[in-house]
Each structure stands twice: as C-alpha cells, then as structure tokens.
Amino acid sequence: MSPTSILIIGAGVGGIAAAAHLAQHGLNVTVIEKNPRPGGRCDHFSRDGHHFDTGPTLLIMPHVYEDEFAALGTSLHEMLDLQRVDPTYCLVFDDGSQLALTSDLKAMEEQLEAIEPDSFQGFLRYMNEGYSHYQQAMQHLVNRDFRTASDFFNKRNLPLLSTLHPFSRHYHHMAAYFDEPRLKSAFTFQDVYMGLSPFEAPATFSMMPYTELAHGVWYPKGGMSRVVEELMGIAQQAGVTFAFQTAVKQIELNGNRAKGVILENGQRLEADAILANADLPYVYQHLLPPNEQAQQLAHKRYSCSVISFFWGIDRLYEALGPHTLFLADDYRANFDEIARDLSIPANPSLYIHAPARLDPSMAPAGEDTLIAVVPVGHMHDHEDYDWKALITQARQMVFRRLALLGITHLERHIKFETCFTPLSWRKRYNLVRGATHGLAHNLMQLGYFRPGNRHPHYHNLYFVGASTHPGTGIPTALISARLTAHRMLEDFGVDL
Ligand SMILES: Cc1cc2nc3c(=O)[nH]c(=O)nc-3n(C[C@H](O)[C@H](O)[C@H](O)COP(=O)(O)OP(=O)(O)OC[C@H]3O[C@@H](n4cnc5c(N)ncnc54)[C@H](O)[C@@H]3O)c2cc1C
C-alpha cells in the first residue's frame, strides 16, 4: 500500500515541524511554500556583512524547545549553540530611569527597592504567581488540544477559573504587587508578544515575565534562523519534500473532504490530507470557497502589527545592550491607540535589538547591526495608508528615544535601511490585516475558543501555526505541530 500523502501549505516553523513528525511516522509529505526560503515569520536576511532576524529575536521557554526537539528525536543543545541573555532586557522609561531585568535576585532587589520601597517582596510574590500560572497553563491549556467542548468545559478545568485569574485584567491585577506604574509596566509589556494590551490581557499571562526570568531568554549563535535550519535538516532527513516559490491558490474540495490544491501556476496536486500552516483566517478567506466561518473570522480580534527597521550602521554602539525596551509613561494611551484605534501611538513603547552584542559575527568588525521595532495597530480592511509618512513618523520616534541613552546622531551612521510595515507582513506571509501574531489571544480566542487544528466540516483538512491552537510564538508553533501531527496520525490509524 502506498503511504498516506500529505500536502502542507507553508514552510513556517509549524509547517516544517509538523512535516517532520508526519514523515518520521512513514507518511509521504510535501511542503509547498510561496517564498524562496523556509521559516515564514522566523525569517532573516543579510546585507554587506550585517545579518538580521526579521521576526523572532528572543528564544523563550527553552524547556518547550528541548521537549519538542526531543519529540523529533534530537537534542536542542547538540543542535544549537545557545547562550543565556542576562539581563534579559534593559528597560528605559520616559524620565530616563532604567531597570535591567535580571535573574540575579540581589541586583533585582537593589533596583526595585530604588524605584519603589518594599517592592522586592511584591516581585517575589508576583514571580510565585507567574510560576503557578505557567505550570497550570502549560499542562491544562497549551500542551493539549480541545477536540470537543467537554475537553475544555469539565470539572477538572473548573478550578482554573480562579487559579489562573483569567477574568482579571493583567495591568489592574498588578496593583496586588506594585504601586509604581513603571513596575506595573515592566512586568506586563510582554503581553504585546501575544498581540495584546495588558489592559485587556488576562492576568494568566504573568507566566511570560516569569518564564523569561526563571527559565531565561536565550540566543542561538547565528540568530533565530538557526532554529529553522535545524528543523529543515530534521524534516529533510525524514524524507519531506519541499517546493519553494510555489504558492497555493485554492484548496480543492469534494463533499466533506479536501482532495488537493491548485497552485498559482494552475497545476493541480492531490493528497489524502491537507495541513494548512498559512495564517488560518487567510486560508478560510482566500483558499476555501466563501463560507460562514470566514465571515465569523473577519469579526474576530486580531493582534497588533509592527513597523520594523533593519539598519546597517557604520560604527559600534557598545553601550546599547542586546535587548532594549523603551516603555512609554502614557502606557495606557499607548496600548489603546494600538489595540482600539488601530493606529501608530503618539509616544510608542518600542524595542531595539543589537544582535552583535551577543554574536559579533552579526555585524562587520567595528560596525553595528540594529533592529528597531515599533508596535502599531493592524491594518483596517478598507483604508488607504500613507506608508511613507508612517515610516518617517516611526523612525523619528526611534531616534527620539535613543537620545535618552545619549545616542543622538544615529541617522548619520545608517549605511542602509530596510523597513517592514503591516503591509509587508501581509504581502510576505499572507498575514490577514498584517497582524504579526495572527488572531489575538484574548480570553474568547484561547483554548477551546481558538479555531481548532482540524476543520469542522472538511475532516482531512488540518491547521497548524499561530492563529490556531495553542497560539503565537516559536515554542507554541512547535507544540501546535506536534499536537496536530499526532491528531492526524490518530485519524489515519498510525501507531504513535
Ligand atoms: C516581528 C515579530 C517578532 C516576533 N518575535 C518573536 C520572538 O521573539 N519569539 C518567539 O517565539 N516568537 C516571536 N514571533 C512569533 C513567531 O515568529 C510566530 O508565531 C511563528 O513564527 C509563526 O509560525 P507559523 O508556524 O504560524 O507559520 P508562519 O511563520 O506564519 O508561516 C506560514 C508560511 O505559510 C506561507 N504561505 C502563506 N500563504 C501561502 C500560500 N498561499 N501558498 C504557499 N505558502 C503560503 C508563508 O509564506 C509562510 O512561510 C514574532 C513574530 C513577528 C512577526
């Protein structure tokens, strides 16, 4: 009997990892990717000796990577040369004060007490809660799938309603630990990784600052694209075939089954099952015939987007650490402008990454490679944008913030610039509305409420990646890949 054939649409992290799982179990897997290289949002480029990760720059939740690489039969630490980044971030506030987030408790105590007397005890309690949230959320919500309502709504999960604080807004919840607004923002800004405002995010997400400090933020030598290279090696060794610069135009259906895909070049490919790694709302809206779910998805909440600058710099800025975050005083207005008004904030919190601080080979000797990320609202459906003006506005905001660190003439030292806008994210990776993290992670779009890993009507059409379960991020894409691949294997009657 010929092996079950699987077509995977998209070579993002979720697509590659799922392909590897399926091929390792003897399935015949082909991955079709519209772009010339694998990785999806975990992308990179090089120019004149400067190397840029254009998406992820933080390897967080290292235990998840370890477990998921082990599930693929390899060892993370043998594959990647990892270094822990501590302090994880240097936070810079509008008044010029700074806080280096570190796992060195003594250094943390001194800094926190200087900002707010007695706050160190609050910090320890907050970390304790973060630990509890992390353990419970990973076990009961992230590391498993929800095939039926009763998988989610059951007696066992009932206690989570109080222990995970899902109904408390994260920022307001911080009042139990700190009075000082700078500290409340220092331990909630991570919500933006979920594409959420801390004024909306469930307090459950204290698991993020906890894992960053307790398990660490890491950096693979060579950058985050090394993760993709290693996954590709595993998938190719298992026999997966990849077709790049090949876009899928349509998923072909027959009754309640998917029978194959039609490519942009008109070619038809048949398969026993389809796994879509492309952004889930895009698949419903563009690759399937008009359907009710596509309309429902149009009304869901989408995560924010970002304007990113990639700069080759002709000198070194050694004073700039690997990860610097400028946090705005008007923290609330900032998030409201992004999440509610879907615009570029007047005074945005923003992030600067200097990879050469961690791996000098990321820039030519004596020069620097800088990435500046300005969170902005995702795109509206029918609006004309003056991208040039928005880019200029965002760039000036970065320069203004860098001046707080005494970096006043950066503009003169920029050798070249590449810039990604929400439109770039949409065009490059088919992300609906240019939302960098796909569907948002508010309470009503998590767990059983998030679109599942199998289509409710076409039972051989599956999903993997950020807009399906469990959600955004590289670790989560790896979990999503394993959960979906195992579900498919179960459906095909393959022994796990
Ligand atoms: C700016 C930014 C910063 C981030 N920072 C971090 C971080 O520090 N740490 C972290 O863990 N995560 C981070 N993330 C999130 C992380 O990058 C994503 O959650 C993850 O990479 C998503 O993987 P995925 O499997 O959903 O696939 P995607 O990356 O969405 O890949 C899907 C693939 O499908 C392809 N595709 C789409 N349509 C078609 C079609 N019609 N035909 C063929 N192929 C198609 C796309 O080209 C793409 O390659 C960041 C994301 C962004 C954008």
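Here goes a summary of the coordinates provided. (Residues numbered from 1 in each chain as written. Predicted model: local features only at pLDDT ≥ 70, side-chain atom pairs only at ≥ 80, totals over all residues. Heavy atoms only, no water.)

1. Brief notes about the sheet that holds strand S10 (residues 248-254)
Strand order across the open sheet formed by three strands is S10-S11-S12, with antiparallel pairing between neighbours. Two strands bound the open sheet, and with one partner strand each, they are S10 and strand S12 (268-270). In this sheet, neighbouring strand axes are inclined to one another by 30° on average, regardless of whether the strands run parallel or antiparallel. Looking at chain direction, S10 and strand S11 (residues 257-263) are connected through six bridges and run antiparallel. Note that in S11 the partner of leucine 253 across the bridge is alanine 258. (Pairing = 2+ DSSP bridges. Helix = DSSP H or I, 4+ residues; strand = E, 2+ residues; numbered from the N terminus. Axes fitted to C-alpha atoms, helices over the stretch in contact; angles between N-to-C directions.)

2. Looking at the packing of helix H5 (residues 119-142) against helix H10 (residues 207-214)
Where H5 meets H10, the axes come as close as 7 Å, and the angle between the chain directions of the two elements is 100°. Relative to H10, H5 is oriented roughly perpendicular. Only Met207, Pro209, Tyr210, Thr211 and Leu213 of H10 make contact with H5, whose side of the interface consists of Phe123, Tyr126, Met127, Gly130, Tyr131, His133, Tyr134, Ala137 and Met138. For the contact of H5 with H10, the residue count by class is eleven nonpolar, three polar and no charged. (Parallel < 35°, antiparallel > 145°, perpendicular 65-115°, else oblique. Contact = heavy atoms within 4.5 Å. Nonpolar A, V, L, I, M, F, W, Y, C, P; charged D, E, K, R; others polar.)

3. Description of the sheet that holds strand S13 (residues 273-276)
Taken in spatial order, the five strands of this open sheet run S9-S2-S1-S13-S19, and their pairing is parallel. The sheet is open, and its two borders are formed by strand S9 (241-243) and strand S19 (461-463), each paired with just one other strand. Going from strand to strand, the sheet's axes swing by 20° on average, the running direction of each strand aside. Here strand S1 (residues 5-9) pairs with S13 via four bridges, running parallel. Across the sheet, the residue bridging to leucine 7 is isoleucine 274, located in S13.

4. As for the pairing of S1
For S1, a buried count of five out of five residues is recorded, marking the element as mostly surrounded by other parts of the structure. Alternating positions in S1 separate into two faces, Ser5, Leu7 and Ile9 on one and Ile6 and Ile8 on the other, with burial throughout. Inspection of the sheet shows S1 paired to strand S2 (residues 28-32) by five bridges, in the parallel sense. Within S2, the residue paired with isoleucine 8 across the bridge is valine 31. Following the chain from S1 across helix H1 (residues 13-24) to the adjacent parallel S2, one finds a crossover that is right-handed. (Buried < 20%, exposed > 50% of the residue type's maximum accessible area, 1.4 Å probe, protein only. Right-handed = clockwise from strand over helix to strand, strands pointing away.)

5. Some words on the state of the cysteines
Inspection of the entire model under this criterion finds zero disulfides. In this model cysteine 304 remains outside any disulfide bridge; the closest cysteine sulfur is found in cysteine 419, 15 Å from its own. (Disulfide = S-S within 2.5 Å.)

6. Quick look at the site of the ligand
Close to the ligand lie 35 residues; Gly14, Glu33, Arg41, Asn430 and Gly473 are nearest. Within the backbone of valine 248, one N or O atom sits 3.0 Å away from a nitrogen atom of the ligand. Within the side chain of tyrosine 282, one N or O atom sits 2.9 Å away from a nitrogen atom of the ligand. Protein chains bury 95% of the 1,000 Å² of accessible surface belonging to the ligand in isolation. If you list the elements that add at least two residues to the shell around the ligand, you get H1, helix H16 (422-429) and helix H17 (474-491). For the shell around the ligand, the element with the most residues is H16, which contributes three residues. Split into classes, the residues belonging to the shell around the ligand amount to 15 nonpolar, 16 polar and four charged. (Near = heavy atom within 4 Å. Polar contact = N/O pair within 3.5 Å; in protein donor to acceptor, adjacent residues only side chain to side chain. Areas by Shrake-Rupley, 256 points an atom, 1.4 Å probe, with all protein chains shown as cover.)

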